Structure formats: structure tokens, C-alpha cells
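Structure assessment
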Amino acid sequence: MKQLPVGREVRMLSNLIHRKINQMVADEEETLTAHQDWVLSFLVRNEGQDVVQRDIEREFSIRRSTASHMLSLMEHNGYIERRGVPHDARMKRIVITEKGREAQKRMQERLARFERMLQTDISDEEIAEFLRIAEKLAKNIE
């Protein structure tokens, strides 16, 4: 059986998805990227807990330098604040601002529109099969 380039196809699809989402954001003059939205969504889901940079690195499997750069940009744009943690002055917890909440809500609406567009003419059964296969591919990588 011939080996088909599954990894290449997944990577190309991933690139197309990121490009389209970021284009939608740019068309609506938003400074928030899809990756930054994922961080804001993570902060909303973990509200009430002390979320620090290390948690972001772990959750999104990104390097410390990548997380640091992204969080600095998000702080500069007013989406998050970094506040001291009472038990460790060196650590800073990451808190979503009101501007961040509003931007995250707009982004969630965009992502819902994108999902509807992405799944056009694809049956529920086909979506379920794709998700089963994607899960198997992920397990094979681990």
C-alpha cells in the first residue's frame, strides 16, 4: 500500500484554517489573533484560579519565549493584566480585562461563523468520522 502524505495534508489544512481566521479578524479590524483568543478563552474557563505564564505554556504546548512575547503583546493591547501572586512575589497571575472579555466574545462569534462555513456540505456522520480519525492520528503521534 502506498504511503499517502497525511501529515502534509493536515499541516496544509491547519495553515489554511489559521490564515482564514486571521483574515476574518483583520477584515474586522481586530488586533486579537486566533492564538490570543485561545488564551483569553482559557483565562475565562479558569477564572478564579491563579493562572500564570507556565500554565499557558503547558496548555498550548508553546515555548516560554513564545508565551512571553504573546502575553506581552496582549498586555500592551489591553487584553490582559499581570498581577502579583500573594505567596510568591516573582510570579504574576494573568487576568483578563474587560477589553479582553469583549474581544474574546467577538472572536467566539467569528469562530462560530467560521465553523459553519467550514462544515458546509459535510454531514454529521462525516464530521464524526473526521474527528475519530484525527483522534487516532493524535494518539499515533504520542
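Residues numbered from 1 in each chain as written. Predicted model: local features only at pLDDT ≥ 70, side-chain atom pairs only at ≥ 80, totals over all residues. Heavy atoms only, no water.

1. Some details on the pattern of salt bridges
- Applying the stated rule across the entire model yields eight salt bridges.
- The salt bridge involving D55 is made with R58; its shortest N-O contact spans 3.2 Å. In this pair, D55 and R58 are both assigned in helix α3 (residues 53–60), three residues apart and thus about one turn of the helix distant.
- By relative accessible area, D55 is classed as partly exposed at 22%. (Salt bridge = Lys/Arg side-chain N within 4 Å of Asp/Glu carboxyl O. Helix = DSSP H or I, 4+ residues; strand = E, 2+ residues; numbered from the N terminus. Buried < 20%, exposed > 50% of the residue type's maximum accessible area, 1.4 Å probe, protein only.)

2. Thoughts on the packing of α3 against helix α4 (residues 64–76)
- Axis separation between α3 and α4 bottoms out at 9 Å; the angle between their running directions is 115°. For the pair α3 and α4, the sense of crossing is right-handed. On α4, the residues that touch Q53, I56 and E57 of α3 are R64, A67, S68 and L71.
- Residues belonging to the contact of α3 with α4 are distributed by class as follows: three nonpolar, two polar and two charged. (Axes fitted to C-alpha atoms, helices over the stretch in contact; angles between N-to-C directions. Left-handed = near helix turned anticlockwise from the far one by under 90°. Contact = heavy atoms within 4.5 Å. Nonpolar A, V, L, I, M, F, W, Y, C, P; charged D, E, K, R; others polar.)

3. A look at unusual backbone geometry
- Backbone geometry places S61, a non-glycine residue, at a positive phi of 50°.
- With respect to the helices and strands, the residue S61 is situated in the loop between α3 and α4.
- In this structure, D121 is a non-glycine residue whose phi angle is positive, near 65°.

4. Some thoughts on the environment of I17
- With respect to the helices and strands, I17 occurs in helix α1 (residues 6–27).
- In this structure I17 comes out as partly exposed when scored by relative accessible area, which is 25%.
- Sequence-distant contacts of I17, defined by excluding residues within four places in its chain, comprise F114 and L118.

5. A look at the pairing of strand β2 (residues 88–96)
- Bridge count between strand β1 (residues 80–85) and β2: six bridges; the pairing is antiparallel. From the neighbouring strand, R82 faces β2, where its bridge partner is I94.
- The antiparallel hairpin formed by β1 and β2 contains two residues in its connecting segment. (Pairing = 2+ DSSP bridges.)

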